[in-house]
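Take a look at the letters that make up each chain.
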Amino acid sequence: MIEAIGITKRFGSLTALDGLSTRVPEGSIYGLVGPNGSGKSTLLRLMAGVYRPDAGQLLLGKEPIFGDPAAKGRVFFLPDDLWAPQGATLEEMARFYAGVYPAFHWEEYRRLLELFQADPKKRLSALSKGLRRQAAMLLALSCRTPCLLLDEVFDGLDPVARRKVKKLLYQEIDARGVTVVISSHDLRELEDLCDRVALLHRGQIRLERGLDELKQGFCKVQAAFRQPVDWGETGLDILERQQQGDLASLLVRGGVEETLAALERHQPLFAQAVPMTLEEIFIGEMEAAGYDCNDILS
């Protein structure tokens, strides 16, 4: 388990994280979302022991991560751009990481080379952004650490490579109980992957929920009516409404059955529940908490 307790991190006059607390359960996939400058990458670097917190504690298990080589050896941090010496090949980077991480698994490395169809002799600097991301992920998985911290890991990957990476992360969790923390700008990217998601804004967690918990208490429906509807008379707690001609799309705080029953009293031509995206669920939660989502998610 990774635990942040009242973490504050400053860079000069800039407060990147401001009293942030959270827990990442062991064997889970935890998503960090938020706009640029919200503190996602700073939090990952604190979790990796790259930064020392100015206040608070960042623990792996029960031990502080910063300054503890053993703790750092249990965490692999993959930044948004893999560092490599000028001219280094994938094979040379594999040997480098094998000297840093005691659990580096050469057999797994060879298997992943074949899976990603990667050339171990090619210079990383000559690869496209997407191929560099695949090479970085290959190295991260080969290190066999109990914790993976992934910053914008899907950025630049094509759909096939994204599916490969997601499948590999699931396999790592099933086989070894790996704990994964992923940062992203894109809520849709994390929708089918994470067990729990936290929304960061201005150095604080504004909302943190399990995905199952997020999906409870909100629904999205589409309906069309013969006559204009006074939405205030429906008795529904409508958080968002979009109207296109006779078709209304509603984001409602409440269950599907009671929402559809309330709409039926107004004799709709049709009314049906439709799947909600993670972004829509977050918007519902944030607006219910009184936040301006246009400010936070833009």
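Residues numbered from 1 in each chain as written. Predicted model: local features only at pLDDT ≥ 70, side-chain atom pairs only at ≥ 80, totals over all residues. Heavy atoms only, no water.

**Side note on the overall build of the chain**
Regarding its fold elements, the chain presents 11 helices and 14 strands. For the chain, the C-alpha atoms occupy an extent of roughly 70 × 45 × 35 Å along the three principal directions. Every one of the 298 residues in the chain was classed for burial, and the buried ones make up 49%. Excluding contacts between residues fewer than 6 apart, the proportion of contacts in the chain whose partners are at least 24 apart in sequence is 68%. When the accessible area of the chain is evaluated, it comes to approximately 14700 Å², of which 46% is carbon and sulfur surface. If you average the places of the 36 positive and of the 42 negative side-chain charges in the chain, the two averages end up 7 Å apart. (Helix = DSSP H or I, 4+ residues; strand = E, 2+ residues; numbered from the N terminus. Buried < 20%, exposed > 50% of the residue type's maximum accessible area, 1.4 Å probe, protein only. Contact = heavy atoms within 4.5 Å. Areas by Shrake-Rupley, 256 points an atom, 1.4 Å probe, with all protein chains shown as cover. Lys, Arg positive; Asp, Glu negative; His and termini not counted. Charge placed at Lys NZ, Arg CZ, Asp CG, Glu CD.)

**Remarks on the side chain of threonine 22**
Examined against the element boundaries, threonine 22 turns out to sit in strand β2 (residues 14-24). Here tyrosine 30 takes part through its side chain, which lies 2.7 Å from a polar atom of the side chain of threonine 22. Within the structure, the side chain of threonine 22 is placed 2.6 Å from the side chain of glutamate 208, a separation counted as a polar contact. Once residues within four sequence positions are removed from consideration, threonine 22 is found in contact with Ile2, Glu3, Ala4, Tyr30, Ile205 and Glu208. (Polar contact = N/O pair within 3.5 Å; in protein donor to acceptor, adjacent residues only side chain to side chain.)

**Quick notes on the packing of aromatic side chains**
Taken as a whole and assessed by the stated rule, the structure comprises 10 aromatic pairs. Where phenylalanine 76 meets tyrosine 101, the ring centres are 5.4 Å apart and the plane angle is 40°; that geometry is what we call tilted. Placement of phenylalanine 76 in strand β6 (residues 75-78) and of tyrosine 101 in the loop between α3 (90-100) and α4 (106-116) is noted, with a sequence separation of 25 residues between them. Of the two residues, phenylalanine 76 and tyrosine 101, both sit in the buried class. (Phe/Tyr/Trp six-rings, centres within 6.5 Å; stacked < 30°, edge-to-face > 60°.)

**Brief notes about the pattern of salt bridges**
Note that side chains of opposite charge can pair when their charged atoms are close. Under the criterion given, the structure shown has 10 salt bridges. For glutamate 91, the salt bridge is made with arginine 110, and the minimal N-O distance between the two is 2.9 Å. Taken together, the positions of glutamate 91 in helix α3 and arginine 110 in helix α4 put the pair 19 residues apart, joining distant regions of the chain. Arginine 110 sits in the partly exposed class, given a relative accessible area of 41%. Arginine 144 serves as the salt-bridge partner of glutamate 108, at 3.7 Å between the closest nitrogen and oxygen. Of this pair, glutamate 108 sits in helix α4 while arginine 144 is found in the loop between α5 (129-142) and β7 (147-151), placing the two residues 36 residues apart along the sequence. With relative accessibility at 24%, the residue arginine 144 sits in the partly exposed group. Connected through salt bridges with shared partners, the residues Glu108, Arg111 and Arg144 form a single ionic network. (Salt bridge = Lys/Arg side-chain N within 4 Å of Asp/Glu carboxyl O.)

**A word on the sheet that holds strand β9 (residues 196-201)**
Here six strands make up an open sheet; going across it, the order is β6-β7-β8-β3-β9-β10 and the pairing mixed. If you trace the sheet from one side to the other, it starts and ends with β6 and β10 (204-210), each paired once. For this sheet, the mean inter-axis angle between neighbouring strands, taken without regard to orientation, is 15°. One ladder, built from five bridges, connects strand β3 (residues 29-33) with strand β8 (residues 179-184); its direction is parallel. The residue bridging glycine 31 from the neighbouring strand is isoleucine 182, located in β8. Strand contacts of helix α1 (residues 40-47): β3, β6, β7, β8 and β9, with the helix running at about 155° to β7, the strand carrying the most contacts. (Pairing = 2+ DSSP bridges. Axes fitted to C-alpha atoms, helices over the stretch in contact; angles between N-to-C directions.)

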